[in-house]
Amino acid sequence: MISLSDFRVVYEGKVLNAVGIDGYDMAPESYDENGDAVNGMYRLEKINILVLDTDGTIKAVYDKGNKFQFLPKVRG
């Protein structure tokens, strides 16, 4: 698991405390005419994020990578 304890995640308008990335699916950014990956750049197709929900329970949110926004926690 990749720790996200220093971040909050915005998903469907809710700001949640992120715990970590528990899994992901990737796909190449682009393909050549033979269907092979070009330049080694990949994008996250879907991500499984563990979050602390507003009621304090840990939940898994699995959705397209562009559905999430990550905000660093401000410590002061």
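Below or above, wherever it landed, is the structure these notes cover. (Residues numbered from 1 in each chain as written. Predicted model: local features only at pLDDT ≥ 70, side-chain atom pairs only at ≥ 80, totals over all residues. Heavy atoms only, no water.)

### Looking at the pairing of strand 3 (residues 14-28)
Okay, so step 1: Here two bridges tie strand 1 (residues 2-3) to strand 3, and the two strands are oriented antiparallel to one another. Counterpart to Ile-2 in the pairing with strand 3 is Ile-21.
Okay, so step 2: In terms of strand pairing, strand 2 (residues 7-11) meets strand 3 through four bridges, oriented antiparallel. Within strand 3, the residue paired with Tyr-11 across the bridge is Lys-14.
Okay, so step 3: Hairpin connection, strand 2 to strand 3: the antiparallel pair is bridged by two residues, and Glu-12 has positive phi, about 50°.
Okay, so step 4: Pairing of strand 3 with strand 4 (residues 42-52), which is carried by 10 bridges, proceeds in the antiparallel orientation. Along strand 4, the bridge assignment pairs Ile-21 with Ile-49. (Pairing = 2+ DSSP bridges. Helix = DSSP H or I, 4+ residues; strand = E, 2+ residues; numbered from the N terminus.)

### Digging into the packing of aromatic side chains
Okay, so step 1: Evaluation of the coordinates by the stated rule reveals two aromatic pairs.
Okay, so step 2: A centroid spacing of 5.1 Å and a plane angle of 25° characterise the contact between Tyr-11 and Phe-68, whose relative ring orientation is stacked. In this pair, Tyr-11 is assigned in strand 2 and Phe-68 in strand 6 (residues 68-72), connecting sequence segments 57 residues apart. The same class applies to Tyr-11 and to Phe-68, which are both buried.
Okay, so step 3: For the ring pair Phe-68 and Phe-70, a centre distance of 6.3 Å and an interplane angle of 25° mean the geometry is stacked.
Okay, so step 4: The exposure class assigned to Phe-68 is buried, which follows from its relative accessible area of 10%.
Okay, so step 5: For Phe-70, a relative accessible area of 32% translates into the label partly exposed.
Okay, so step 6: Aromatic ring contacts, followed pair by pair, group Tyr-11, Phe-68 and Phe-70 into a single cluster. (Phe/Tyr/Trp six-rings, centres within 6.5 Å; stacked < 30°, edge-to-face > 60°. Buried < 20%, exposed > 50% of the residue type's maximum accessible area, 1.4 Å probe, protein only.)

### Some words on the environment of Gly-35
Okay, so step 1: With respect to the helices and strands, the residue Gly-35 is situated in the loop between strand 3 and strand 4.
Okay, so step 2: For the pair Gly-35 and Leu-16, spaced 19 residues apart in sequence, the C-alpha to C-alpha distance is 38 Å.

### Some details on unusual backbone geometry
Okay, so step 1: The backbone phi angle of Glu-12 is positive, close to 50°, even though this residue is not glycine.
Okay, so step 2: Overall, the relative accessible area of 65% leaves Glu-12 in the exposed class.

### Points about a nonpolar patch on the surface
Okay, so step 1: A contiguous nonpolar patch, built from Ile-2, Tyr-24, Met-26, Tyr-42 and Leu-44 and spanning about 510 Å² of accessible area, is present on the exposed surface.
Okay, so step 2: Elements with a minimum of two residues in the nonpolar patch: strand 3 and strand 4.
Okay, so step 3: Considering the arrangement of structural elements, one finds Tyr-24 in strand 3. (Patch = residues over 30% accessible without salt bridge, like charges linked within 9 Å, V, L, I, M, F, W, Y side chains within 5 Å. Areas by Shrake-Rupley, 256 points an atom, 1.4 Å probe, with all protein chains shown as cover. Salt bridge = Lys/Arg side-chain N within 4 Å of Asp/Glu carboxyl O.)

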